[in-house]
Amino acid sequence: MPDLSFFAIQALGLVPSILCFTSLQSGSRSRILRLQMVCCVMWACHYGLLGAYTAVLTNAVGLFRAVLCYHNDRPWAKHKGWVVLLLGLYLGSALLTWDGFYCLLPCFSMCCTTLALWTHNMARTRLLFLVNSPPMLAYDLLTGAYGCAAVEVCAFISFCIAVYRFDLRKQKTPVPH
């Protein structure tokens, strides 16, 4: 039977996952981004306790990304060079903590998320969020982040529904004459 620390570590990952998943119900962009910052710190602690150091670094970069997004009303934060830097930092996170190909999973996922947040094309945003979910789910299962994995399944289902509702169903609807 798992000990109390196992459940505490799982809770440390589950709480920010639920916060992040439900934060989108907030009407305030700044509130969503502040919650995202808190979540990144909690996830970094969670993954650190699990020894999943690639996710620790990718969440540190995610915190930096959230700060950039929070300030993207300012000209300095809108520069496209930030995207290139963020993608490079995610790749660097995987390389610095390399322990096998599974280290590329959170890197790929966070790159998709970053590109999804940067684009203004909602169909592309939904597709990138859909694509980001399976690699993160696999990484969570491989590293023992079961609470995060459970929420990732819910997020993936939500992304599938959104892609169907807004992108695929539109294409199948016959045009009235």
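This structure is a prediction, so every number in the text was calculated from the model and none was measured. (Residues numbered from 1 in each chain as written. Predicted model: local features only at pLDDT ≥ 70, side-chain atom pairs only at ≥ 80, totals over all residues. Heavy atoms only, no water.)

### Here we look at the pattern of salt bridges
Right, on to step 1. Using the criterion set out here, one finds 1 salt bridge in the structure.
Right, on to step 2. Arg126 serves as the salt-bridge partner of Asp167, at 2.7 Å between the closest nitrogen and oxygen. One end of the pair, Asp167, is in helix H7 (residues 146-172); the other, Arg126, is in helix H6 (residues 122-143), and 41 residues separate them in sequence.
Right, on to step 3. Exposure remark for Asp167: the relative accessible area of 14% places this residue in the buried category. (Salt bridge = Lys/Arg side-chain N within 4 Å of Asp/Glu carboxyl O. Helix = DSSP H or I, 4+ residues; strand = E, 2+ residues; numbered from the N terminus. Buried < 20%, exposed > 50% of the residue type's maximum accessible area, 1.4 Å probe, protein only.)

### Regarding helix H1 (residues 4-23)
Right, on to step 1. Between the first and last C-alpha of H1 there are 28 Å, a value that for 20 residues agrees with the 28 Å anticipated at 1.5 Å per step.
Right, on to step 2. Of the positions making up H1, those classed as buried are Ile9, Gln10, Gly13, Pro16, Ser17 and Ser23. (Expected span 1.5 Å × (residues − 1).)

### Quick look at the packing of helix H5 (residues 104-118) against H6
For any two helices packed against each other, the geometry comes down to the angle between their axes and how far apart the axes lie.
Right, on to step 1. The contact between H5 and H6 brings their axes to 8 Å, and the two run at 160°. With respect to each other, H5 and H6 are oriented roughly antiparallel. Crossing of H5 over H6 shows left-handed handedness. Each of Leu105, Pro106, Phe108, Ser109, Cys112, Thr113, Leu115, Ala116 and Leu117 in H5 lies in contact with H6, whose residues at this interface are Thr125, Leu128, Phe129, Val131, Asn132, Pro135, Met136, Ala138, Tyr139 and Leu142.
Right, on to step 2. Across the contact of H5 with H6, the residue classes break down as 15 nonpolar, 4 polar and no charged. (Axes fitted to C-alpha atoms, helices over the stretch in contact; angles between N-to-C directions. Parallel < 35°, antiparallel > 145°, perpendicular 65-115°, else oblique. Left-handed = near helix turned anticlockwise from the far one by under 90°. Contact = heavy atoms within 4.5 Å. Nonpolar A, V, L, I, M, F, W, Y, C, P; charged D, E, K, R; others polar.)

### Notes on the environment of Trp43
Right, on to step 1. With respect to the helices and strands, Trp43 occurs in helix H2 (residues 29-50).
Right, on to step 2. Accessibility expressed as a relative area gives 13% for Trp43, which makes it buried.
Right, on to step 3. A C-alpha to C-alpha distance of 8.2 Å links Trp43 and Ser17, two positions 26 residues apart in sequence.
Right, on to step 4. Contact partners of Trp43, with chain neighbours within four places excluded, come to Gly13, Pro16, Ser17, Cys20, Gln36, Asn59 and Cys148.

### Some words on a nonpolar patch on the surface
Right, on to step 1. A cluster of nonpolar residues, Leu91, Leu95, Trp98, Phe101 and Leu104, forms a patch on the protein surface that exposes about 540 Å² of accessible area.
Right, on to step 2. Topologically, Phe101 is positioned in the loop between helix H4 (81-96) and H5.
Right, on to step 3. Of the residues examined, Phe101 reaches a relative accessible area of 69% and is grouped as exposed. (Patch = residues over 30% accessible without salt bridge, like charges linked within 9 Å, V, L, I, M, F, W, Y side chains within 5 Å. Areas by Shrake-Rupley, 256 points an atom, 1.4 Å probe, with all protein chains shown as cover.)

### Looking at helix H3 (residues 53-70)
Right, on to step 1. Counted at 1.5 Å a residue, the expected span for H3 with its 18 residues is 26 Å, and the 26 Å between its end C-alpha atoms agrees.
Right, on to step 2. Every buried residue of H3 is accounted for by Thr54, Ala55, Thr58, Asn59, Val61, Gly62, Arg65, Ala66, Leu68 and Cys69. Summarising the axial view, the buried residues of H3 lie within an arc of 165°, below the 170-degree limit, and thus occupy one face.
Right, on to step 3. Looking at the buried residues of H3, the elements they touch are H2, H4, H5 and H6. (Arc of directions from axis to C-beta.)

### Things to note about the confidence of the model for the protein
The predicted structure's coordinates, where accompanied by low pLDDT, should not be read in detail.
Right, on to step 1. Confidence along the protein averages 90 in pLDDT terms, with 94% of residues attaining 70 or more.
Right, on to step 2. By mean pLDDT, H1 is the weakest element of the protein at 88, and H4 is the strongest at 97. (pLDDT = per-residue confidence, 0-100.)

### What about the environment of Met37?
Right, on to step 1. Of note, Met37 is situated in helix H2.
Right, on to step 2. Of the residues examined, Met37 reaches a relative accessible area of 18% and is grouped as buried.
Right, on to step 3. For the pair formed by Met37 and Pro16, sequence separation is 21 residues and the distance between their alpha carbons is 9.9 Å.
Right, on to step 4. Ignoring anything within four residues of it in the chain, the contact list for Met37 reads Leu63, Ala66, Val67 and Tyr70.

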